[in-house]
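So you can see what is in the structure, the chains are spelled out below.
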Protein chains: 2
Amino acid sequence: MSRTQPHYFGAGPALLPAQVLRQAAIDLLNYKESGLGLGEISHRSALAVEVVDSAKATIKQLLSVPETYEVFFLQGGGTGEFSAVVYNLLASFALKTGKKGKADYLVTGSWSQKAAEEAIRLGVDVNMAVDARKWSANGKSYGKIPDPSSWNLGNAEETAYVYYCDNETVSGVEFPYVPEVPEGVELVADMSSNILSREFDVKKFGLVFAGAQKNIGMAGVTVCIIKKQLLARPKDADLVALGIPLAPLVLDFPTIVNNNSLYNTLPIFNLHIVGLTTQLLHDNGGLKVQEALSNAKAKKLYGTLDSAPDGVYNCIVDKACRSRMNIVFTIPGEGKEKAFLDGAKARGLTGLQGHRSVGGIRVSNYNAVSDESIDVLVDWINTFAANA
Amino acid sequence: MSRTQPHYFGAGPALLPAQVLRQAAIDLLNYKESGLGLGEISHRSALAVEVVDSAKATIKQLLSVPETYEVFFLQGGGTGEFSAVVYNLLASFALKTGKKGKADYLVTGSWSQKAAEEAIRLGVDVNMAVDARKWSANGKSYGKIPDPSSWNLGNAEETAYVYYCDNETVSGVEFPYVPEVPEGVELVADMSSNILSREFDVKKFGLVFAGAQKNIGMAGVTVCIIKKQLLARPKDADLVALGIPLAPLVLDFPTIVNNNSLYNTLPIFNLHIVGLTTQLLHDNGGLKVQEALSNAKAKKLYGTLDSAPDGVYNCIVDKACRSRMNIVFTIPGEGKEKAFLDGAKARGLTGLQGHRSVGGIRVSNYNAVSDESIDVLVDWINTFAANA
């Protein structure tokens, strides 16, 4: 089976390391000489439990996850988590305070916006502590994170959590810092598109989640890291009395954690790809090394775009919050973007179209994208600019 | 990559056809010579949409799904559906009647029991129209479907749906008929472990669902078939006013259907395995052929067990509702079951342990289990009995 690693910059599901895919293809047919493929064995068999335990252990090690936190896996991706956050964080807040908590959302792009909308739909009193659209020229697009001094955050008496998206995949906005939140309020982060591309201090968070299909694996698995004390909650009847919706079992964190992520049938094959990818990251030196690689690739791309003749490329996002993962730009002028994409394709550079909602060009620079791919792309960005 | 098809009778995730796995392994590395694996491309790309459309078309064709029904895919498996049924069926009933509907559950095994428990947890007024444990010797185990004349079903004024599990994987109880329900009440079936093993009349159902990991694919994808008119519903505020919980977006059927199962990131690779498996079923002659094969394999197994000397094997389940998919029996006598399993293993026959909650032996006879595997097993059942 042939596989030449492509120069692919798609935003997700995204490129995976060739050696991970080669191993996974073998394991799909015959896992560890068991005679069965990994998609065919019981999720409760010893081999499957080992996949769960080993992926968990590697993630714990990579992120130095403290003993006071749990790592677990479920289905449903980011969209599932938008709802799960509401059910689970309001439940633990109710135990602490006897009240239905409010929630602060830092809306810096379309994913945090969707998360806020889902919370509102599910009956949460949502405070848009940041609505970054207000700061944009047209009042619609994103590209800036307002200064924290302007954020209008609640307090631990009333507010269960502050929610934000660490990297907005569509607009290319990434937090360059972990937001500070009031003492006693839990910080919740969607890290779907930048997890394991840099270090972060888990202890600052109540919950971190990530769909696997960008930096760490294939669609079908969501990775969560939760502060253990948030798994405690009142009885269902007490939640109902407070007007807090109950989680469906597949999104109920205590149910999942208490069953080692195997209450229902987890797609073990998909999780195995997470395990292989994280093991590779570990073997390559861990997150310090990956962070340096990611930063260097991003710096090279932005540097190339910034040094092009004036007006050829337009990076909309504020320099302070430019995403290292999704480098977004436009090419002003009739037909220019098409010409850029066509020329890129002719050089084997694909997956560069911007998100359907915003257009333009988007270079996704996830962990599996090699220096070589970046160099070929940089060369094309320079060539195109020189001939523009 | 080597693959000798094993004699494997695990209950799920279960055996897949070798040719499906071989093709899937190729497609994991390089799908249709695109240069990218199927786990790496956008779920909204043309290649991915084609996977969705083609799996849908094949299932429609195999089951002669009428135009008034939709086939769609989501994550979360059977456990996700236990909750989804509540949200979605109560919502459409509310549109029809302006009321919060009740629900009838036919509890014939542990899966329908779990479904009923989840409905109760989510606030549904559940009527256990059948509780088959009452009919068992110890008041705990399953093995019988009481006569429909004894069922205590509601009516269309008050009852939104009648729920049942077509094949109970743990206890090995399968409905030999489609339950008749009162006019205007919707029939909901969990067919996770027997879908595509026989024909059925889709028009008799409001909703049919199945986790893919037994007869049709790999864990990570749930297949649903719904009557289109059940997708209509009142405004969220009206549902909340009636005390009907809102579905999280990942379990909200209209959201999923209106986006061709691609509202959020569907695991396209896992769905592709469903597509390959169903295409193979189609190429082999469709469900008439598969039904005959499944029935013949099951008949041979039960015949062998029944013709063994008295007392060697004990089939608990009523002959009238013996599952064709999960043939469950015990072997009375200290150490006998272990001896049976050890001898089986020595002959390359694996996956025969009963479910951890009931013990005994369970032979899962899904579509991918070959006549040859059944013959080797039958030979061992006879040999063991002769020496018992």
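Model, not experiment: these values are computed from the prediction.

**Brief notes about the pairing of strand β10 (residues 222-227) of chain A**
Residues and elements named next belong to chain A.
Then, in step 1: Burial of β10 is extensive: six of the six residues sit out of reach of the surface.
Then, in step 2: Burial along β10 is two-sided: the residues T222, C224 and I226 and V223, I225 and K227 are all buried.
Then, in step 3: Relative to β10, strand β2 (residues 69-74) runs antiparallel, the two being bridged by six bridges. Each residue of the ladder has a partner; that of L74, found in β10, is T222.
Then, in step 4: Inspection of the sheet shows strand β9 (residues 207-211) paired to β10 by five bridges, in the antiparallel sense. Paired with L207 across the strands is I226, a residue of β10.

**Digging into the nonpolar core**
Soluble globular proteins tend to pack their nonpolar side chains together in the buried interior.
Then, in step 1: Ranked by size, the top nonpolar core spans 264 residues in total, and within it Y105, Y161 and Y313 of chain A together with Y105, Y161 and Y313 of chain B carry the most contacts.
Then, in step 2: Aside from chain neighbours lying at most four places away, what touches Y313 of chain B is L305, A308, F329, T330, I331, F340, I381, F384 and A385 of chain B.

**Some remarks on the pattern of salt bridges**
Then, in step 1: Counted according to the given criterion, the structure contains 35 salt bridges over all chains.
Then, in step 2: Of the charged contacts, one joins E40 of chain B and R3 of chain A as a salt bridge, the two residues approaching to 2.7 Å between their closest N and O atoms. Here E40 of chain B, found in the loop between α1 (18-29) and α2 (46-62), pairs with R3 of chain A, found in the segment before β1 (7-8), and the two come from separate chains. For the pair E40 of chain B and R3 of chain A, one class covers both residues: buried.
Then, in step 3: Residue E199 of chain A pairs with K288 of chain A through a salt bridge whose shortest N-O separation is 3.4 Å. Taken as a pair, E199 of chain A in the loop between β8 (186-190) and β9 and K288 of chain A in helix α8 (residues 286-306) lie far apart in primary sequence, 89 residues in all.
Then, in step 4: For E199 of chain A, a relative accessible area of 40% gives the class partly exposed.
Then, in step 5: On the accessibility criterion, K288 of chain A (59% relative accessible area) is exposed.

**Concerning the relation of the copies chain B and chain A**
Then, in step 1: Superposition record for chain B on chain A: RMSD 0.0 Å, screw rotation 180°, translation along axis 0.0 Å. Those values place the two copies in the arrangement expected of a two-fold rotation axis. The rotation axis passes nearest to the C-alpha of A25 of chain B in chain B, at a distance of 2.3 Å.
Then, in step 2: Both copies present the same face, since 100% of the interface residues in chain B are matched by interface residues at the equivalent positions in chain A.

**Quick word on the interface of chain B and chain A**
Then, in step 1: Contact residues are listed per partner, giving 57 residues for chain B and 57 residues for chain A.
Then, in step 2: Carbon and sulfur atoms supply 61% of the area buried between chain B and chain A, which totals about 4,700 Å² over both sides.
Then, in step 3: Taken together, chain B and chain A are joined by four salt bridges.
Then, in step 4: Among the elements of the structure, α1, α3 (77-97), α4 (110-121) and α7 (268-283) of chain B are those that each provide at least two residues to the side of chain B that touches chain A.

**Quick notes on the confidence of the model for chain A**
In regions of low pLDDT, the predicted coordinates are not meant to be interpreted in detail.
Then, in step 1: For chain A, per-residue confidence averages 96 on the pLDDT scale, and 98% of positions sit at 70 or higher.
Then, in step 2: Across the assembled chains, the prediction reports ipTM 0.97 with pTM 0.97.

**Re the packing of helix α1 (residues 18-29) of chain A against helix α7 (residues 268-283) of chain A**
Residues and elements named next belong to chain A.
Then, in step 1: Remark: α1 packs on α7, axes separated minimally by 10 Å, with the N-to-C direction vectors making an angle of 145°. For the crossing formed where α1 meets α7, the hand is right-handed. Of the residues in α7, those in contact with Q19, V20, Q23, A24, D27 and L28 of α1 are F269, H272, I273, L276, T277 and L280.

**Some details on the sheet that holds strand β5 (residues 159-165) of chain B**
All names here are of chain B.
Then, in step 1: Strand order across the open sheet formed by seven strands is β2-β10-β9-β8-β5-β3-β4, with mixed pairing between neighbours. In the strand order of this sheet, the two ends are held by β2 (69-74) and β4 (126-131), each with one partner. Neighbour to neighbour, the strand axes of the sheet diverge by 15° on average, direction disregarded.
Then, in step 2: Alignment of strand β3 (residues 102-107) against β5, held across five bridges, turns out to be parallel. From the neighbouring strand, L106 faces β5, where its bridge partner is Y164.
Then, in step 3: Along the sheet, α4 makes contact with β3, β4, β5 and β8 (186-190), crossing β3 at roughly 160°.

**Details of the packing of aromatic side chains**
Then, in step 1: Within this structure, the stated rule accounts for 35 aromatic pairs over all chains.
Then, in step 2: Ring geometry for F175 of chain A and Y177 of chain A: centres 5.8 Å apart, planes at 85°, overall edge-to-face.
Then, in step 3: Judged by relative accessible area, which is 1%, F175 of chain A ranks as buried.
Then, in step 4: Pairwise contacts between aromatic rings join Y313, F329, F340, W380 and F384 of chain A into one cluster.
Then, in step 5: The side chain of K114 of chain B reaches across the aromatic face of W111 of chain B, ending 5.6 Å from its centre.

**Notes on the pairing of β5 of chain B**
Residues and elements named next belong to chain B.
Then, in step 1: Here β5 lies mainly inside the structure; seven of its seven residues are buried.
Then, in step 2: Of the pairings in the sheet, the one linking β5 to β8 comprises five bridges and is parallel in character. Residue pairing across strands places Y161 opposite E186, the latter belonging to β8.

**Notes on the domain arrangement of chain A**
All names here are of chain A.
Then, in step 1: The domains assigned to chain A are domain 1 (28-281) and domain 2 (285-386).
Then, in step 2: Taking only C-alpha atoms, the centre of domain 1 and the centre of domain 2 are 28 Å apart.
Then, in step 3: Each partner contributes to the interface: domain 1 provides 23 residues, whereas domain 2 provides 24 residues.
Then, in step 4: Buried area between domain 1 and domain 2, summed over both chains or domains, comes out near 2,000 Å², and the portion from carbon and sulfur atoms is 51%.
Then, in step 5: On the surface where domain 1 and domain 2 come into contact, there are two salt bridges.
Then, in step 6: Put simply, domain 1 and domain 2 have 14 residue pairs in polar contact (both at pLDDT 80 or more) between them.
Then, in step 7: For the side of domain 1 that touches domain 2, the elements supplying multiple residues, two or more each, are β6 (167-168) and β7 (173-174).

Criteria and cut-off values
Residues numbered from 1 in each chain as written. Chains lettered and ligands numbered in written order. Predicted model: local features only at pLDDT ≥ 70, side-chain atom pairs only at ≥ 80, totals over all residues. Heavy atoms only, no water. Buried < 20%, exposed > 50% of the residue type's maximum accessible area, 1.4 Å probe, protein only. Helix = DSSP H or I, 4+ residues; strand = E, 2+ residues; numbered from the N terminus. Pairing = 2+ DSSP bridges. Core = buried A, V, L, I, M, F, W, Y, C linked by side-chain atoms within 4.5 Å. Contact = heavy atoms within 4.5 Å. Salt bridge = Lys/Arg side-chain N within 4 Å of Asp/Glu carboxyl O. Least-squares fit on C-alpha atoms with pLDDT ≥ 70 in both. Buried area = accessible area lost by both parts, 1.4 Å probe. pLDDT = per-residue confidence, 0-100. Axes fitted to C-alpha atoms, helices over the stretch in contact; angles between N-to-C directions. Left-handed = near helix turned anticlockwise from the far one by under 90°. Phe/Tyr/Trp six-rings, centres within 6.5 Å; stacked < 30°, edge-to-face > 60°. Lys NZ or Arg CZ within 6 Å of the ring centre and 35° of its normal. Domains from an automatic or database assignment. Polar contact = N/O pair within 3.5 Å; in protein donor to acceptor, adjacent residues only side chain to side chain.

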